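Summary of structural features
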Amino acid sequence: MDKIVSLSDGESTVELQKYLSSLTNDQLVTALTNSALRGKKAGAMLKGILKGSPPGSSEGANRRLLVYEHLIPLCESGDLQAEVAADIIGLLMLETHTLSGSSLAKLATLFVDAIKVGKMGSGKSLELFPTILTALAACAALSYGKGELSGEEYKKQLINSLCSSRWDPQCVIHLTTMFRDVPLSAEELQFLVDKVLRMFFKMDLQEVPPLVYQLLLLSAKGCKKPILDGIVGYFRDQDDRQEEEQKDGVNLHLEVQTIPQDQLRHVEGTVILHIVFAIRLDNELGRELLKSFKTSYGDLCPFSVALLLSVARIQRYEEQVFDLLKGAVIKSYKDEQLQQGSKFLQNLLPAHCSVAKMILDTVKNSVFGWDHVTQGLVQLGFFLMDTFGPKPGPFGKSTEGPVTAARTPSQQACKLGGQMLLQGFKMHEPIRGEILEQVLNRLVTKTASPVSHYLDLFSDIVISAPMILLESSSKVTETFDHLTYLPLGTVQGFLKAVQPLLKVSMSLKDSLILVLRKAMFSSQLDGRKSAVTGFLLLLKNFKVLGSLASSQSSQTACLWGVQVDVHSRYNSAANEAFCLEILSSLRRCLGQQADVRLMLYEGFYDVLRRNSQLASSIMQTLLSQVRRYYEPEQDLLPPVKLEPCITAHGDQVYLQEPLAHLVSCTVHCLTWLQNTHQAANLNADDSDDEENDEGYKSELQTILESMTRRMIKCELEDFELDKSAEFSLGSSVGVKNNIYAVLMMGLYEVLMEYNFISANYNKTRFEELLELFHRHHKLSEILKEKSGKGRGPSHKTPRSLLSLGFVSTLITVLFRDNSQSREEALSVLRSSGEFLRYALSVAVQKIQQLEDTGHTDGPDGQHSDRTFRFLCDMTSVLMWRYTNIPRAVEEVGKKEKRCSLSQLCLDGLLRIFTTCQQRYPEKMAQLLSAMDVEDEAEQDDVAEMNYFYIRQFQRALFTQLSGGEEDFNSREAQVLVGILTVLTRQLKPSSKQFVQMITWTVKICKETSFEDSAFCKGLLSLLFSLQVLYKTPASLLLELCQDIHSQLGDIDQDVEVEKQCHFAIVNMKTATTAALLVLTQVDRVLDEVDWLIARKKSQTTAGQQDPVEKAVTLQLGTLLTALNELVQAALLPGNCTITLLRELSRTYTTLTTLVKYVTSRCVPVKLSGSHLTPQCYSFITYAQVYNRDKCEANSRAKLLRETTAIPNLIFSIEQYEKYLITLSKKSKVNLMQYMKLSTSRDFRINAATLDAALQEQEETREVEETQEPKRKKRKQ
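What counts and what doesn't
Residues numbered from 1 in each chain as written. Predicted model: local features only at pLDDT ≥ 70, side-chain atom pairs only at ≥ 80, totals over all residues. Heavy atoms only, no water. Helix = DSSP H or I, 4+ residues; strand = E, 2+ residues; numbered from the N terminus. Buried < 20%, exposed > 50% of the residue type's maximum accessible area, 1.4 Å probe, protein only. Contact = heavy atoms within 4.5 Å. Areas by Shrake-Rupley, 256 points an atom, 1.4 Å probe, with all protein chains shown as cover. Expected span 1.5 Å × (residues − 1). Pairing = 2+ DSSP bridges. Polar contact = N/O pair within 3.5 Å; in protein donor to acceptor, adjacent residues only side chain to side chain. Phe/Tyr/Trp six-rings, centres within 6.5 Å; stacked < 30°, edge-to-face > 60°. Lys NZ or Arg CZ within 6 Å of the ring centre and 35° of its normal. Patch = residues over 30% accessible without salt bridge, like charges linked within 9 Å, V, L, I, M, F, W, Y side chains within 5 Å. Salt bridge = Lys/Arg side-chain N within 4 Å of Asp/Glu carboxyl O. Axes fitted to C-alpha atoms, helices over the stretch in contact; angles between N-to-C directions. Parallel < 35°, antiparallel > 145°, perpendicular 65-115°, else oblique. Left-handed = near helix turned anticlockwise from the far one by under 90°. Nonpolar A, V, L, I, M, F, W, Y, C, P; charged D, E, K, R; others polar. Core = buried A, V, L, I, M, F, W, Y, C linked by side-chain atoms within 4.5 Å. pLDDT = per-residue confidence, 0-100.

A few words now on the overall build of the chain. Tallying secondary structure elements over the chain gives 53 helices and four strands in all. Within the chain, the proportion of its 1276 residues that are buried is 50%. Partitioning the contacts of the chain with sequence separation of at least 6, the portion at a separation of at least 24 is 74%. Roughly 59300 Å² of accessible area belongs to the chain as shown, and the carbon and sulfur atoms make up 51% of that amount.

Structure, rendered in structure tokens:
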């Protein structure tokens, strides 16, 4: 070794060559191995050997080849030090270009064979392989088999052989790294990438990130999309497998995991970082990533969502990523809605993949240290809530009362944003502050639009983590300062949400009280209302020890979310002092505007129930307020002073004191106290409190009884009201009289409720109650009569002041109470038909209010559980009253133009079912089971019980339809159909009850021939809503179109239409209504077809016709046949004609889309060309001629609307024909043989009309010639 080195250092190479020639191959190899292993002078010795082996001589070339063949496996063996191996490979790389073609070929084969047998584990010598391949490609010709190949071709063969062979998983990373330095054609690169991506599944999970890194570096050569798709696809498969294993584990109660979840998530996190880093350096890679997800959200998965959110941190991609995800979310929800609402689509396509689930999975996975994803999650959450949150209604007002279930895609997307933020808040400490700050900022700044979704999120955050939130209490305190300037609804929601925090943080409570005290003196009315709201909430939630722990109060506490036991933190004496101090602040409100007082009266009852220790203070306040307006002189009438209840400002009159609400609040508080004390007295005997309470109790009872007695004696004149008084809202006198009348009606109602409760079923007291009602009724009738007249603003029926609980009790005893002891007293009330009608109409009014706003006036109105219980009670009564009292009993009242009691019961039931479906969707079964079912067995099965009631209403409707048309009550029949529609929504489309319901509905439609448009509309709407969930409605539409054509006759009066009658419900009077409904369904079917075509566009496949194409063709074929019938029917001008023209135009647009993107076999050319198009042109002529005749009768606007639809239709037809011609040329099939070229134009000439006009002109000219011409007038 030393000799070779010393000779190498000398000047003469001849000596060196001689010495090397004297050594045998084995000696040379041994010397090389020894020096390499020792690491001493290995590089110098190798240089010497290469120097003494000139590539020109055959001996030198062979020796060089020998050195290469020996050193390559030696470096790969792992026996050498890393620096030595690197030196050796470096020297060999420098000399590679000197090797002959055959030597290069041998070395390349050596490498390929070593890789095939898995001997390239360490990958050190692989750095040499690209140099060998590059040198090989430069060779002119190489022997291959029996022939010759160019170097480039030889290289291709080697790469092909290498990529086709089996790779050892250990050398995949080294090979990928090596190929970065090998010049590759596009096909070779694609082949290589596919090979590497397939190897992912054979590798250890920990080796995936470095391989991904190498692949991303390789992507600089090309194949960016396949590389990204492959990486995402691999992790999608891993996630799916993990999910399957978790499901299996849950089912088998075993822990089955091939890959630990945390390990997989950490690897995914690392890979995401690698990809984001690569995208920062390579714009093209980022564009490819976004492009691959823009076409279809079906490719998304939790991993790709996380990847996109990480990419969003790069500024130039931020907007694109959020728009892409927003679009994917809303499209996913829309597609899901479309698929759920159509049996046709459900049968045709697999179950829908939910983007929302993927996003929530990403949130869940981000707990494994994905800090680079969390920021994107927060931004996306707020982006969805901002974009899809509730929008302001007309005049900036939001729609009242949020509906519990998110129904529309926008509502669902908004809810998803909230869920993301809530989960993120719970999981990640670093983002909590930002989420809270952003939520509170939006509550403060978005005063012009609804913020209910942010309030819900804030409330959920408080409930889920109150103690964590206290760490950021300064942010909440800052928000308190803005309360005075916020809308009242926002303040109420915010204060309710923050209640649990106030119970555990003294500083927060003190800050809030300071703000509320300031607000009490605000110049803005809303500010003062906010103060009252805040103080009342505090009173309800800070319980004074010793208050009655009644079931009501515990239920009320749950209403605000988290219950915290405050007695351990603050003593009850402090709470009592605090509550009394608040009460003294609230007393100041009794001198403010009516709105502020009203809030106070509505809140006192809840405060009392929650904090009964404050009873004395509250009752004294109410008593002193009542005294102001009560006339103590027993002989004087009326018993109340109405003058102080109003105030004037300029020529305007306003209500100052809502007297009826004041008395109502007093009555409810007094009643509750009496009930609770009676219950308490049964358990214990404590007379001290009783003595304190007796004073105001007895005085209030005296006042109320005196008021009742004197109000019965009062005539309208005592209140300066009579039949001749002015009630128009246009003058100040009329407004004043209106206020008086409404106050009086409210008082009568409050006294009726008080007397009913205190009467204890005493006949005399019930007679007094009836007297009060007659007074109320008389006043109500005058107001109705007066409001019908006059040109001023119309008068609304005031909301009843009876509480929901009382109304529920009242109708129950009136209709269902059979106890002998009460019979005599109740007969007094039952004898008055007007009173029964009044009780039911108030019940309907209360249910309507609950449906619209989610709560009712009066006690328990805000308490959803109690409200639902009252609904159940009322449902039972109304159902019993409707089904058990024969209609014959009410025939007498039919001549009057008013609803019968049965009709009112039905209205109530429809409202209850609708309200329950909207506000308490999960409690529908509970509501139905509350009704008295005779067959107890049916109560076990929810579907059976639901169908039991459906059968009841079917029977009622059948009875209506069995009589003659003169006995038919259209309004009642419509309500029955409405109830059936609501109840059938509870049936599963796969159940036998659903099929029975469809069969029954079809039978009714076929057999009922009443000429009632409104009933026909309801019944057909029910039929369509059931049909789409059972099967496609296309064949049903065809039959209905034939019936409509048959009933209305043909547009050509000379043609006699074949009489068809599939559905008797379609007749001359109802045909137009039916046609409009049919066209709505046509629109829906076209929606589905368009959706299917759009799906096909993104996945076009040649070859055999698939089921989707076949289904689209069949749907369109049936639809075109149906429209062909409808377009020949002599429809009346107006809405129906315009809608038909629009739907025809849309049909041709859909056909055009089909022709553009799908093969010719899918298009029903013959049907559209030879059948429909000619009829369309005939219909256009008919519509124009008919309109010209009716021009005087119709409004100009309607005429214009109709005429704009015609050019649109002609354009659609011609576009369709244009693309058919293009398709004919492409497919070499003459598709135009069925098409008749268009002739319908705005400038077309109708020969017959022209002849008639010319003839008329000729006649008038002859007449003028025979007469003397008139002298022209000169212009002035």
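With 19 residues, helix α21 (residues 409-427) extends 27 Å between its outermost C-alpha atoms, agreeing within 8% with the 27 Å of an ideal straight helix rising 1.5 Å per residue. Residues of α21 that are buried sit in contact with α17 (315-340), α19 (355-365), α20 (371-388), α22 (432-445), α23 (452-464) and α24 (466-470).

Moving on to α22. When the terminal C-alpha atoms of α22 are compared, their 20 Å separation across 14 residues agrees well with the 20 Å that a helix rising 1.5 Å per residue should span. Where the residues of α22 are buried, they touch α20, α21, α23, α24, α25 (473-480) and α26 (488-504).

The next thing to look at is the pairing of strand β3 (residues 646-649). Across four bridges, β3 lies against strand β4 (residues 652-655) in antiparallel orientation. Bridge pairing in β4 places Ala648 opposite Val653. Between β3 and β4, which follow one another and run antiparallel, lie two residues, and Gly650 among them has a positive phi close to 70°.

Take the environment of Asp865 next. Tracing the sequence through the fold places Asp865 in helix α40 (residues 864-884). C-alpha of Asp865 to C-alpha of Tyr920: the two residues are 55 residues apart in sequence and 9.8 Å apart in space. Looking at Asp865, its side chain comes within polar contact range of the side chain of Lys923, at 3.3 Å.

Attention now goes to the packing of aromatic side chains. To describe a pair of aromatic rings, you give the distance between the ring centres and the angle between the ring planes. Inspection of the entire model under this criterion finds 21 aromatic pairs. A centroid spacing of 5.9 Å and a plane angle of 75° characterise the contact between Phe480 and Phe494, whose relative ring orientation is edge-to-face. Taken together, the positions of Phe480 in helix α25 and Phe494 in helix α26 put the pair 14 residues apart, joining distant regions of the chain. Taking the centre distance of 5.9 Å and the plane angle of 75° together, the rings of Phe756 and Tyr761 count as edge-to-face. Exposure remark for Phe756: the relative accessible area of 8% places this residue in the buried category. Through a chain of ring-to-ring contacts, three or more aromatic side chains come together here, namely Phe200, Phe201, Tyr234, Phe235 and Phe303. Above the face of the Phe868 ring, Lys923 is positioned so that its terminal group lies 4.9 Å from the ring centre.

A few words on the side chain of Arg265. Within the secondary structure layout, Arg265 lies in helix α14 (residues 261-281). Taking the relative accessible area as the measure of exposure, Arg265 reaches 5% and is therefore buried. At 3.0 Å, the side chain of Arg265 and the side chain of Glu268 are in polar contact. When sequence neighbours within four positions are dropped, the list of residues in contact with Arg265 reads Asp239, Gln242, Asn365, Phe368 and Trp370.

All right, on to a nonpolar patch on the surface then. A contiguous nonpolar surface patch, about 390 Å² in accessible area, is contributed by Tyr213, Leu217, Phe277 and Leu281. Secondary structure elements with two or more residues in the nonpolar patch: α12 (208-218) and α14. Within the element layout of this structure, Phe277 appears in helix α14. Take Phe277: its relative accessible area is 45%, and that puts it in the partly exposed class.

Bringing the packing of helix α46 (residues 1013-1030) against helix α48 (residues 1071-1098) into the picture now. The packing of two helices is summarised by the inter-axis angle and the distance between the axes. Where α46 contacts α48, the two axes come as close as 9 Å, and the packing angle between them is 25°. As the angle between them shows, α46 and α48 are arranged roughly parallel. α48 is crossed by α46, and the crossing has right-handed handedness. Side by side, α46 and α48 meet where Ser1013, Cys1016, Lys1017, Leu1020, Ser1021, Phe1024 and Val1028 of the first sit next to Thr1073, Ala1074, Leu1077, Val1078, Gln1081 and Arg1084 of the second. Classifying every residue of the contact of α46 with α48 gives seven nonpolar, four polar and two charged.

This part takes up the packing of helix α43 (residues 942-962) against helix α44 (residues 970-984). For the pair α43 and α44, the least separation of the axes is 10 Å and the interaxial angle reads 160°. If you check the angle between α43 and α44, you find them roughly antiparallel. Crossing of α43 over α44 shows left-handed handedness. Across from Asn946, Tyr949, Ile950, Phe953, Gln954, Ala956, Leu957 and Gln960 in α43, the residues of α44 making contact are Glu972, Ala973, Leu976, Val977, Ile979, Leu980, Leu983 and Thr984. Grouping the amino acids of the contact of α43 with α44 by side-chain chemistry returns 11 nonpolar, four polar and one charged.

Our focus in this paragraph is the pattern of salt bridges. Between side chains of opposite charge, a pair can form as their charged atoms come close. With the rule as written, the count across this model stands at 32 salt bridges. Note that Arg609 and Asp860 form a salt bridge whose closest N and O atoms lie 2.4 Å from each other. On the criterion of sequence distance, the pair formed by Arg609 in helix α31 (residues 594-610) and Asp860 in the loop between α39 (833-853) and α40 is long-range, its members being 251 residues apart. Its relative accessible area of 1% is what places Arg609 among the buried residues. When its relative accessible area of 12% is taken as the criterion, Asp860 is described as buried. Several salt bridges share partner residues, and in doing so they unite Glu243, Lys357, Asp361 and Lys364 into one network.

Right, let's get into the environment of Asp860. As a C-alpha pair, Asp860 and Phe870 span 10 residues in sequence and 9.9 Å in three-dimensional space. Ignoring anything within four residues of it in the chain, the contact list for Asp860 reads Tyr605, Arg609, Arg866, Thr867 and Phe870.

Attention now goes to unusual backbone geometry. Cis geometry is found at the peptide bond from Leu637 to Pro638, where omega equals -5°. Summarising the element assignment, Pro638 is placed in the loop between α32 (615-629) and β3. In the Ramachandran plot, Asn760 falls in the positive-phi region, its phi being about 55° despite a non-glycine side chain. Phi at Asp860 takes a positive value of approximately 70°, unusual for a residue other than glycine.

Below, the discussion takes up the nonpolar core. In this structure, Phe913 and Phe953 are the most contacted members of the largest nonpolar core, which totals 271 residues. Per-element accounting of this core gives the leading share, 14 residues, to helix α35 (residues 732-759). When neighbours within four sequence positions are excluded, Phe913 is seen to be in contact with Thr875, Met924, Leu927, Leu928, Met931, Phe953, Ile979, Val982 and Leu983. In this structure, Ala135, Tyr154, Leu175 and Tyr297 belong to the second largest nonpolar core, which totals 113 residues.

This part covers the confidence of the model for the chain. Per-residue confidence for the chain gives a mean pLDDT of 81; residues scoring 70 or more make up 82%. Overall, residues 892-897 carries pLDDT values under 50, and its contacts beyond four positions in sequence, including any with other chains, amount to one contact. Scored below 50 in pLDDT, residues 1268-1276 makes zero contacts in the model with residues more than four places away or belonging to other chains.

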